[in-house]
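Coordinates in review
Residues per chain, in single letters:
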Amino acid sequence: MERAVTVVILSLVFLASQISCQEAILHVSNGNTEREYCIVHNHSWTPLSQSLEAAVQYPLVNMTSTMLCNNATVFPDVKGKALVVMRGGCDFSQKALLAQSLGATALLLASNKTLITPSANDSEYAKVHIPLALMRYRDFLEAQKVFGENMEVKLYAPPQSKLDPSIAVMLLIAIVTVALGGFWSGACERDRLNGGADGGEGGGNKADSGELFLYSPLKVVIFVAMMCGMLVLMYFFYNVLVYVIIAIFCLASASALFSCLDAVMEKIGCGTLSFSVRNWNLSVRSIILASVCITIAVIWGVYRNEDRWIWILQDLLGIAFCLNFMKTISLSNFKICVILLTLLLVYDVFFVFITPFFTKNGVSIMVQVALGPDASGEKTQGNMVEVPAEPQIPSEKLPVVMRVPRFSAWAQNLCGMQFSILGYGDIIVPGLLVAYCSRFDVWINSRKKIYFVSCCIAYLLGMIMTFAVMLLSGMGQPALLYLVPFTLITSAVVAGCRGEMRQFWAGTTYEVTERTEVAPDPTRGSCEEVGS
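What counts, and at which threshold
Residues numbered from 1 in each chain as written. Predicted model: local features only at pLDDT ≥ 70, side-chain atom pairs only at ≥ 80, totals over all residues. Heavy atoms only, no water. Pairing = 2+ DSSP bridges. Helix = DSSP H or I, 4+ residues; strand = E, 2+ residues; numbered from the N terminus. Axes fitted to C-alpha atoms, helices over the stretch in contact; angles between N-to-C directions. Contact = heavy atoms within 4.5 Å. Patch = residues over 30% accessible without salt bridge, like charges linked within 9 Å, V, L, I, M, F, W, Y side chains within 5 Å. Areas by Shrake-Rupley, 256 points an atom, 1.4 Å probe, with all protein chains shown as cover. Salt bridge = Lys/Arg side-chain N within 4 Å of Asp/Glu carboxyl O. Buried < 20%, exposed > 50% of the residue type's maximum accessible area, 1.4 Å probe, protein only. Expected span 1.5 Å × (residues − 1).

This part covers the sheet that holds strand β6 (residues 106–111). On the basis of which strands lie adjacent, the closed barrel formed by 7 strands has the order β2-β3-β8-β6-β5-β4-β9 and mixed pairing. Direction aside, the axes of adjacent strands within the sheet are offset by 40 degrees on average. Judged from the 7 bridges that link them, strand β2 (residues 23–29) and strand β3 (residues 34–41) form a sheet pairing that is antiparallel. Residue pairing in the sheet places Ser29 in a bridge with Glu34 of β3. Helix-sheet contacts for helix α2 (residues 92–101) involve β5 (82–86), β6 and β8 (132–136), and the interaxial angle to β6 is about 140 degrees.

Residues Ile294, Val298, Ile299, Val302, Tyr303, Trp309 and Ile312 make up a contiguous nonpolar surface patch of roughly 660 Å² in combined accessible area. Top contributing element to the nonpolar patch by residue count: helix α8 (residues 284–302), with 4 residues. Residue position: Val302 is located in helix α8.

Here the phi dihedral of Leu68 falls at roughly 55 degrees; this positive angle occurs in a residue that is not glycine. Mapped onto the secondary structure, Leu68 falls in the loop between β4 (58–63) and β5. Here Leu68 falls in the buried class, since its relative accessible area comes to 1%.

Moving on: helix α15 (residues 480–497). Counted at 1.5 Å a residue, the expected span for α15 with its 18 residues is 26 Å, and the 25 Å between its end C-alpha atoms agrees. Considered for burial, the residues of α15 that qualify are Leu480, Tyr482, Leu483, Val484, Thr487, Leu488, Ser491, Val494 and Ala495. Turning to α15, the residues buried within the fold contact α10 (334–354), α13 (425–443), α14 (450–473) and α16 (501–506). Where α15 terminates, the next one or two residues include Gly499, which has phi positive at roughly 70 degrees.

Written as structure tokens, this is what we have:
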């Protein structure tokens, strides 16, 4: 009985998640070759088949020499065939009714202008009974070169599912990055303590080399205030600051990727061949890794606006950036965690939900900055879409999000790549708490890593809740609204149940007063080693 109920619920959720989109697919073939092109139709006016198999195939007649606005011209025999004519000169409905009177079974409008959802007066909707869609004129010219005049076409509009596989990929990226970053931070703390136990100077009361501790509530408040100021500056001076951020990201992500790969090499025991040049000690491994990391960053910088594949490099660099940030920045106690995460939660909610009331276009500052100045809000299943007829110069976007293509949005991707996105902050901010929990497990010698595991599970549940609300509401959500309560409450409950809240709240037994740079000690393990 329970299984039957579960199956019914999942089926209802799946069916409810199907969206009828305005973008559709034109399938062109000649028996040997097949191509598919983007078309835009009105599914509430002239609905199309939802699959290629169910679509009817028609011979295509090229009539792009006319706009099909009157019947004064002598037309070829088009009965039972699909027509392609030029857009313009008269209304969509007038063209469709004339094509219908000639016996055509489908009408394509080749356009040199932006493709929009075709519409007509309410009184003419019921008169049109044949499929009507707009296509790019350049796509038709390309099809002519490939197929000549012997083209067979099918028009179909596969429904887009809200439950896209990209959500699972994004969820996997987020939880793996948070878990690895927390584990790495704990491994560094274990190495630091082991170094102190082995006789290193001040090992128990100093921060590790290059590691920055946030220990002062005032500094946390200043840090969040600076983030707010930077976001507002990005909103008003986006066209200038975006290139500064891109340059900083290239440098920071290349350095972070080097740190991650070097740690992996150290862990698997990959040896180093060292040599000296003018009192500079260099290693072959470091030179090779640095070359690879710089090359990846440069490739991303050059091809950053190429949607089809560059998202892979951006996500790779983003994962490395998040991991290195979680390893480098340490929160000294749970009190600082609570202050920082709460302030960033307010920051996230304010700039997503409140700022639309103050902006001219009604788009939140957070969305505007994340998606670029050309963003007009998130695309939903609205009744109107616009698809450029010609290639557009891409607008620069900030490299501050993980991007994964929506794999099920096949028709939409033909018209323009669609992505699911997740901000780096939605990984880093809860990740800092996960990293603190991992270090606390080291301090209390918890073999089961109870705090670390519990916080990771809470993060996973918070992400699932975020995606669930997003799917049900059809709107993007500030992930911290769900991640912060899940992770903070879970960590506090675990500490309370174990009777360790006072120690968990106070954090380390030593007081960090400044960022400390410690000279490397050859007798100590490296923090870059991911593991003890």
